[in-house]
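Architecture at a glance
Spelled out, the chains give:
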Amino acid sequence: MSNSEKKRIPSSGLPDGLHLDTLAVREGLPRSQWGENSEALFVTSSFVQPDAATAARRFAEEEEAFTYGRFGNPTVMMMERRLAALEGTSGCIGTGSGMSANLLLLMGLLQKGDHVLCSRSMFGSTLRLIQGDMGKFGIESTTVSQTDLDEWRAAMRPNTKLLIAESPSNPLTDLCDIAALADIAHRAGAQLAMDNSFCSPALQQPVNFGADFVIHSGTKYLDGQGRVIAGALCGPDELLKAKMYPVMKSAGLTLSPFNAWVVLKGMETLSVRMQAQSQRALQIAHWLSEQAQVARVHYPGLASHPQHALAMAQQGGSGGAVVAFDVKGQGEHDLRARAFRVIDAAQVASITTNLGDVKSTICHPATTSHGRLTEAQRQAAGIGQGLIRFAVGLEDVDDLKVDLLRGLSQL
Ligand SMILES: *Cc1c(COP(=O)(O)O)cnc(C)c1O
């Protein structure tokens, strides 16, 4: 295929060397013939071909062009280009959810008999996908500690193809050292995928620390206003095109144009939201650590966090926008009752497990997001009945403190 044929989908025409904030607003496709200033939403399931011979070439992938909505859409492509630019990867494939981005990576990269190493602190559905669903098809897996690199080294096998983690972890905000994991993977000829949903590229770009793939739940900070389910897999364009894109097409893991458009517009404010929400989170974390009813605060932006230095280096000097804290109490029953009282007293924060929204959310991980774990697994993971997760939004920080104090002062 000649280069002129490949270039049928035009580039964005932006100059080189632009910074993240500019790319977040400007990267994408060029405008259509109508000159719209805001990115267009192409609601169409198929694309008209000029003639039968051209259609044949395009379906044979000898020429790049839009043909059928499951295979690609201009709005989805705008979102993919913008996110790839922010993550610093050459490629990106939008998917219907964060979980389908995980599935796309696993199905595209692995085959029967391959081994995956993953952090025990990963998102619950990701662990179930790797251990349960992929296990059914002969993919082997081992879970290891989020923080203990020796466990990762010891668990490597000759057939280990992929290491996968997220940092910081949900809800306890344990970090993993991305550069160290990349080194362990690459020495063994394996690859590293990082789920970057929690920090977003505005705070952390995993490929700068050596990661090969970046997974996103676009549902979280990329959308930023809690509206849609969306996902993306970022990585080297050639590999994505060769191995993942065919899976995306045949399995139908496609991102809808409307959801892509919402995420595309969300990314325009990503950087300012992340900064503002993280600043509020830091203030809330400091304030919580001074409250008599609080036993412990988990937040990487606090100097007391065991991995504070790593967080500052890896997350652009920011602790992120998610804070977790343990209330004081005696025994699991009492701890749960106290945590519930704090959550139920909230009149501003929403009681929901979603995060990444400009609306602050509050939840009880032990009975919701981590409710499917056995009591022993939960204890081992450090997720006690007194733990509360607070994902800080854009409300006034004093109003949020009053909202938390309403419950804390009852204890
Ligand atoms: C929410 C989330 C997912 C799953 O994303 P969906 O968009 O809900 O499929 C994966 N990883 C992390 C870290 C998440 O927070």
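It should be emphasised that the depicted structure is a prediction, and the values quoted were computed from it without experimental measurement. Just so you know, the residues in each chain are numbered from 1, in the order the chain's sequence is written. Totals for whole chains, interfaces and linings use all residues, but because this is a predicted model, local features are given only for residues with pLDDT of at least 70 and pairs of side-chain atoms are given and counted only at 80 or more. Side-chain figures throughout are based on the complete set of non-hydrogen atoms in the structure, without hydrogens or water.

**Things to note about the overall build of the protein chain**
Here is the rule we go by: Runs of H or I in DSSP of at least four residues are treated as helices and runs of E of at least two as strands, each being numbered from the N terminus. The size measure is the radius of gyration over C-alpha atoms, and the globule rule it meets is 2.2 Å times the number of residues to the 0.38 power. Contacts are assigned to residue pairs that have any heavy atoms within 4.5 Å of one another. Accessibility throughout is a Shrake-Rupley quantity obtained with a 1.4 Å probe, and a residue counts as covered only by protein chains that appear here.
Of the regular secondary structure elements, the protein chain holds 16 helices and twelve strands. Here the protein chain has a C-alpha radius of gyration of 22 Å; the compact-globule value for 411 residues is 22 Å, and the two agree. Projected onto the principal axes, the alpha-carbon positions of the protein chain cover approximately 75 × 50 × 35 Å. Within the protein chain, contacts between residues separated by at least 24 positions form 72% of all contacts whose residues are at least 6 apart in sequence. When the accessible surface of the protein chain is summed, it comes to about 17600 Å², and 52% of that surface belongs to carbon and sulfur atoms.

**Remarks on the pattern of salt bridges**
Convention followed: Salt bridge, as applied in this entry: a Lys or Arg side-chain nitrogen positioned within 4 Å of an Asp or Glu carboxyl oxygen. Relative accessibility under 20% of the residue-type maximum defines a buried residue, over 50% an exposed one, and the middle range a partly exposed one, all with a 1.4 Å probe and only protein chains included.
Taken as a whole, this structure holds 17 salt bridges when the rule is applied. As a salt-bridge pair, Lys 249 and Glu 61 come within 2.2 Å of each other at their nearest N and O atoms. With a gap of 188 residues between them, Lys 249 in helix α10 (residues 237-251) and Glu 61 in the loop between α3 (52-59) and α4 (74-87) connect regions that are remote in the sequence. When the shortest N-O distance is used, the salt bridge between Glu 375 and Arg 378 registers 2.6 Å. On the criterion of helical spacing, the pair formed by Glu 375 and Arg 378 is a turn pair, its members being three residues apart in helix α15 (residues 375-381). Among the residues examined, Glu 375 registers a relative accessible area of 35% and is labelled partly exposed. Using a relative accessible area of 7% as the deciding quantity, one classes Arg 378 as buried. Residues joined in a network through salt bridges with shared partners are Glu 39, Arg 82, Lys 265 and Glu 268.

**As for the site of the ligand**
Condition: We call a residue near a molecule or strand when any one of its heavy atoms sits within 4 Å of it. The term polar contact refers here to a pair of N or O atoms within 3.5 Å; inside protein, the definition further demands a hydrogen-donor-capable atom paired with an acceptor-capable atom, and it admits residues adjacent in sequence only when both atoms are side-chain atoms. Three classes are used, and their members are as follows: Ala, Val, Leu, Ile, Met, Phe, Trp, Tyr, Cys and Pro are nonpolar, Asp, Glu, Lys and Arg are charged, and the others, Gly among them, are polar.
Lining the immediate environment of the ligand, one finds Ser 97, Gly 98, Met 99, Phe 123, Glu 166, Asp 195, Ser 197, Phe 198, Ser 217, Thr 219, Lys 220 and Ala 230. Within the side chain of Ser 217, an N or O atom sits 2.8 Å from an oxygen atom of the ligand. Alone, the ligand offers 390 Å² of accessible surface; in the complex the protein occludes 91% of this. When its residues are assigned to classes, the shell around the ligand shows four nonpolar, five polar and three charged.

**Quick notes on the sheet that holds strand β6 (residues 213-217)**
Stated precisely, the cut-off is as follows: Strand pairing requires that DSSP identify at least two bridges connecting the strands. Working convention: axes come from line fits to C-alpha atoms, limited for helices to the stretch in contact. Angles between N-to-C directions cover 0 to 180 degrees.
The seven strands are arranged β1-β7-β6-β5-β4-β2-β3 in an open sheet whose pairing can be described as mixed. Here the strands that pair on one side only, and so sit at the sheet edges, are β1 (91-95) and β3 (140-144). Going across the sheet, the axis of each strand differs from the next one's by a mean of 20°, ignoring polarity. Relative to strand β4 (residues 160-166), strand β2 (residues 115-119) runs parallel, the two being bridged by four bridges.

**Concerning helix α8 (residues 178-187)**
Residues that lie three or four places apart on an α-helix share one face, since the helix turns once every 3.6 residues. When we look at burial in α8, the residues that qualify are Ile 178, Ala 180, Leu 181, Ala 182, Ile 184 and Ala 185. Summarising the contacts, the buried residues of α8 are in contact with α7 (149-155), β4, β5 (191-195) and α13 (308-314). Its side-chain oxygen 3.3 Å from the backbone nitrogen of Ala 179, Asp 177 forms the N-cap of α8. Once α8 finishes, Gly 189 follows within two positions and takes phi at roughly 75°, a positive value.

**Section: the domain arrangement of the protein chain**
The condition that has to hold: Throughout, the edges of the domains are those of an automatic or database domain assignment. Once two parts are brought into contact, the accessible area they lose, counted with a 1.4 Å probe and summed over both, makes up the buried area.
The domains assigned to the protein chain are domain 1 (3-269) and domain 2 (270-408). Both faces considered, domain 1 and domain 2 share a buried interface measuring about 2900 Å² in area, 59% of it formed by carbon and sulfur atoms. Of all residues in domain 1, the largest losses of buried area upon contact with domain 2 belong to Leu 172, Leu 203 and Tyr 221, amounting jointly to 25% of the total for that side. Here domain 1 and domain 2 share zero salt bridges between them. Where the side of domain 1 that touches domain 2 is concerned, the elements lending two or more residues are α2 (20-26), α9 (200-203) and α11 (257-267). For the side of domain 1 that touches domain 2, the leading source of residues is α9, giving four residues. Residues belonging to the side of domain 1 that touches domain 2 are distributed by class as follows: 17 nonpolar, twelve polar and seven charged.

**Quick word on the packing of aromatic side chains**
This is how it is decided: Between the rings of Phe, Tyr and Trp (Trp by its six-membered ring), a pair exists once the centres lie within 6.5 Å; its type follows the angle of the planes, with under 30 degrees stacked, over 60 edge-to-face, and the other angles tilted. Charge over a ring is defined by NZ of Lys or CZ of Arg lying within 6 Å of the ring centre and within 35 degrees of the ring normal.
Within the structure shown, the criterion is met by three aromatic pairs. Seen in terms of ring centroids, Tyr 68 and Phe 71 are 5.6 Å apart; in terms of plane orientation they differ by 75°. Their pairing is edge-to-face. The positively charged end of Lys 249 is found above the aromatic ring belonging to Phe 71, 4.6 Å away from the centroid.

**Structural notes on the sheet that holds strand β9 (residues 322-327)**
Across a sheet, paired strands are connected by hydrogen bonds in the backbone, their directions being either parallel or antiparallel. In spatial order, the strands read β8-β9-β12-β11-β10; together these five strands make up an open sheet with mixed pairing. Each end of this open sheet is capped by a strand with a single partner; those strands are β8 (294-298) and β10 (350-351). In the sheet, β8 pairs with β9 via four bridges, with the strands oriented antiparallel. Considered in β9, the bridge of His 298 is made with Ala 324. Contacting β9, β10, β11 (361-363) and β12 (387-391), helix α14 (residues 331-344) runs over the sheet at an angle of about 135° to β9.

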